[in-house]
Structure formats: C-alpha cells, structure tokens
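Residues per chain are reported as follows:
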Amino acid sequence: MSPRVFETRRARAFGDVPETQWNDWRWQLSHRLNTAEEIERIFPLTESERTALNASDLFRVDITPYFISLIRPDDPADPIRRQVIPTAAELVPFTAMMEDSLAEDRHSPVPGLVHRYPDRVLMLVTTQCASYCRYCTRSRIVGDASAQFSRAEFDAMFDYIERTPQIRDVLLSGGDPLTLAPGLLEELIARLRAIEHVEIIRIGSRVPVFLPMRVDDALCSMLARYHPLWLNIHVNHPNEITPELAAAADRLSRAGIPLGNQSVLLAGVNDCVHIQRRLVQDLLRIRVRPYYLYQCDLVEGAGHFRTPVAKGIEIIEGLRGHTSGFAVPQYVVDAPGGGGKIPLGPNYLLSMSDHRTALRNYEGYISVYEEPVDYTAHDPATCPDCCDKRTEAGQSGVSGLLEGEQLAIEPAGWEAIHARGGSKHRLNRDEEKWQPRGIGAEKSSAAGETPVHSVLRKKTSGKP
Ligand SMILES: *Cc1c(COP(=O)(O)O)cnc(C)c1O
Ligand code: SF4
C-alpha cells in the first residue's frame, strides 16, 4: 500500500484568483470570510449555521479562502467545517462553563503573561488569529482587536521576565504570534533573546495550518536567527494536512525549528481512534511530532465539542504500541480553575510485590518485571546535580514529598477542620511529637549532613 497523497484544493468560487494572489498571505488575510452571505458563496449553510452567524455576541468568525477551500461543500458534518463555522449549539450554555476556565488571568502577574509553572511562562502577544476556532480556550480575549496588548504592557511583561530568573522557557502565544507584523514579532523575539536566563523560546501557531503561505523564507530565516527556538502547530484532522502545509513545515524544519503538534479532542471532528491514528501518522510524514492531545476545556461556546474523558484514554489505548512511539501525543486535561495540565492514559501497571512488577502491554500480554534485590540507592550527597539543583519556587509538589522535603500536602483548611473545636490540652500541646525525624531538614551545605531538628513540616496551602 503506497502512502496517501495529500490533496490541494481550491473552492470553485476562487477559481479565477491568480496564483500570485492566492499565494500572497496578505491577499488571503484581506479576503477572509466572516458573514453568512460570504460563506454561502462557497457552500450552502444549514439553518443552525445561519442562526449562529446572525447571532449577536458571537465569537469572531473569519476564515481564510485557503482554509475554507478544504471543506467538502456538500457535507455539513465536515471536520474542518465544524472547527470554523459556528452552529447554534455554540450559543448554548452548559454546566461548569466558564469564561476563563484555566484561570489564566488569575495566574498573570502582569496582563498577558501567565506564570503557572515554575520555570516557564506563557506570553500572550496578540489577540488576532488567521482564522478563528469555534472551541478557542481564549475566546475571552481572542478576536477582539480592541483588546490588543499595548507597548506599556509589553514592557511590563519583559520587565517581569527580566526580574524573574527562574524563567528559562518563554512560550509565545495569543492569539497567533505569527499574525503579528514581522517587525514587531522580531522585536519581541530579539528582546527575549537578550535576556540571559531565557534559554529557549517557543511559539504556538496555527498560521501554518490556516495560512501556510505566511511561512515564507523571510519569516523562517528571521526565526532561525534566534535559536534555540521551537514551534508547535495545531492540526486536529488529517484533512488539514495539505501539500501547502507540508511545504510550510518543511521550510520551518530546514530553518532548524523542531516542530510539534497540539490537537484538541473534539466531538464530531477527531473523536475516533482511526482518525487520530491517521492524523499522527500523517504528521510524522511532514516531520511534525505529536505533542499534546487536549481534552476540550470548559469554555463558553465549546460545550458541544466536549467528549467524555474516556474517549481520550481510548484513543491513547489505540495508539500506544499500535504505531510509532514517536507518533503518540500526551493526552492531557488542563485542570479547570488553574490546576494545569494533567497527563492521563490507560493503566499498564497491574500489580506489584516487593520485587516484582506485573505489567500488561497494548496487546494484553501480561508479564512480570523482576526487580533487583541488591539495588544501591542513588546517593544525593555525592551527586553534583542533587547538591546543586536549581529549585524554583513552587517546584516541590509530589516530587518534593519523594525527596523528603515534607511529610504531607494538606488541602486548604485541613488543620482547622481536624481541630474539631478542641483546645490545646496535655496530650496535644507539644508540637514536637508530630515532627518526622529527618523529613524537611535543610542540608548543611558542605558535608551534606541532615540536621534532624529543623523546619519539619512546611505549609503548602499558601502561595509559594
Ligand atoms: C501549556 C502551558 C505551558 C507550557 O506547558 P508545557 O507542558 O511545558 O508545554 C506554560 N504555561 C501555561 C500557562 C500553559 O498553559
Ligand atoms: S488559532 Fe488558537 S488562539 Fe486562535 S482561535 Fe484557534 S485556538 Fe484560539
């Protein structure tokens, strides 16, 4: 069986557009479609789509001629159509729906900069995209031209990054960074590169998918001046992989930019093991490595795109082992309220004894791994990396428990609940009795000794 051929398409309505215009990203942007009337020149709309397109307060609609051409005109359930053409379902509220479901704005020390994880930040650099996805997690700001970030806000973001040396990774997002004016984009990247502790720069962009002609040689050689630079694209369905996207990905790869893909699991678009398998295999063919598969967020307008979490587990079950390990993304739920990304997958661990671990593989073959009974534990005292570890505020968590930093992580208010309204009495007056020997002790630097009576249990309910 020879590999599938990627198709190039152009809607009949654009048949007369000369190649030079079609391949000009400025032409594509200025000819985006956004009304029921314009879209109906390409294909007939359903009643539900027309209702949505005429609704007030609708999340912005805009579709490049290139991308709308990938929609099969006679299929209302087309997976690309569902991503960019609204339906009435989008207007329906649902339980747990939120405007900012990841609490990004709550984790922003300055507007547009989300510092959620210890060593990296998400920098929102624009609210504009080449086309708009109906399920967008950031629909609270995306699409709104009047919500653009100001010079003063950019200065505040850079100032924060400069004075926060724990940030070693800056992720440019938005909106879509590659829709910025080329000069401004380069200025932002150059300013980041000038900050010594910023080791890597990442860009998240759907431009290669919506507007592959924008990824021209000039853009690629500009980006290549600021390595190490990584880029994640966003493809949800194999129909989005065209010769144009393949060529754009090739230009980026040749500029030395490693490419990843982030997809969203979407009902009616890609909630199928077989579609996902084809998607990830086709991504490898254009040298893009699947990175994340996101559970759809609890965001306004996205209710009808959500699947049960079980669907994500089922998809990973159908990928891991069944195809190249390289092709398997990490399935994550970005926890509502700002809990961050939580990886989920099938269970492969069946049981354990003191020195055997029973495991099953993707075929259901069960075997046991015989563990060493004479393992010499790693000795942090003689390990240069342990002695010298770069620990950032908020970097402990469960890993910190395993390193003996503290004995427990308590939910907020736990201690008060368990006081049961009692008082200090003869049996609970002495706090020392609950201090676990050797846990949470600070190392005396030179000898690596651990004094036992030091700070033993740290509070974790407050801010780091
Ligand atoms: C996803 C995300 C990142 C990057 O996470 P990785 O797991 O390192 O890709 C950083 N900050 C925020 C706020 C994010 O949502
Ligand atoms: S490209 Fe990204 S930011 Fe823009 S609308 Fe789509 S999901 Fe939202």
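Residues numbered from 1 in each chain as written. Chains lettered and ligands numbered in written order. Predicted model: local features only at pLDDT ≥ 70, side-chain atom pairs only at ≥ 80, totals over all residues.

Asker: Looking at this model, I keep getting lost on the environment of Met213. Mind explaining?
Answerer: With respect to the helices, strands and loops of the structure, Met213 is situated in the loop between helix 9 (207-210) and helix 10 (217-224). What makes Met213 partly exposed here is the crowd of 19 C-beta atoms within 10 Å. Between the C-alpha atoms of Met213 and Arg26, which are 187 residues apart in sequence, the distance is 9.3 Å. (Helix = DSSP H or I, 4+ residues; strand = E, 2+ residues; numbered from the N terminus. Buried ≥ 20, exposed ≤ 12 C-beta atoms within 10 Å, placed from the backbone.)

Asker: Would you mind going over the nonpolar core with me for this structure?
Answerer: Looking at soluble globular proteins, one finds that nonpolar side chains tend to be buried together. With 84 residues, the main nonpolar core has Val121, Met123, Tyr135 and Val170 as its most contacted residues. In this view, Val121 contacts Leu113, Val114, His115, Ile161, Ile167, Val170 and Leu171; residues no more than four positions away in its chain are not counted. (Core = buried A, V, L, I, M, F, W, Y, C linked by C-beta atoms within 7 Å. Contact = placed C-beta atoms within 7 Å.)

Asker: What am I meant to see in the confidence of the model for the chain here?
Answerer: Close inspection of predicted coordinates is inappropriate for parts of the model with low pLDDT. In this model, the chain carries an average pLDDT of 93, and 95% of its residues clear a pLDDT of 70 or more. Overall, residues 443-464 carries pLDDT values under 50, and its contacts beyond four positions in sequence, including any with other chains, amount to 32 contacts. (pLDDT = per-residue confidence, 0-100.)

Asker: Explanation requested: the sheet that holds strand 5 (residues 229-233) in the structure shown.
Answerer: The strands making up a sheet associate through backbone hydrogen bonding, with each pair oriented either parallel or antiparallel. Strand order in the open sheet made by the 9 strands is 1-2-3-4-5-6-7-8-9, with mixed pairing throughout. The open sheet terminates on both sides in strands that have one partner only, identified here as strand 1 (113-117) and strand 9 (340-344). The sheet shows a mean angle of 25 degrees between the axes of neighbouring strands, direction not considered. Across 3 bridges, the pairing between strand 5 and strand 6 (residues 259-265) is parallel. (Pairing = 2+ DSSP bridges. Axes fitted to C-alpha atoms, helices over the stretch in contact; angles between N-to-C directions.)

Asker: Can you walk me through the pairing of strand 11 (residues 356-360) in this structure?
Answerer: The two faces of the sheet receive side chains in turn, since in a regular strand these alternate between them. Where strand 10 (residues 349-352) lies against strand 11, 3 bridges are found, and the strand directions are antiparallel. Paired with Met352 across the strands is Thr357, a residue of strand 11. Where strand 10 folds back on strand 11, the antiparallel hairpin that results is connected by 3 residues. Across 5 bridges, the pairing between strand 11 and strand 12 (residues 366-370) is antiparallel. Paired with Ala358 across the bridge in strand 12 is Val368. Once strand 11 ends, the chain turns through 5 residues before running back antiparallel as strand 12, passing Gly364 with a positive phi of about 90 degrees.

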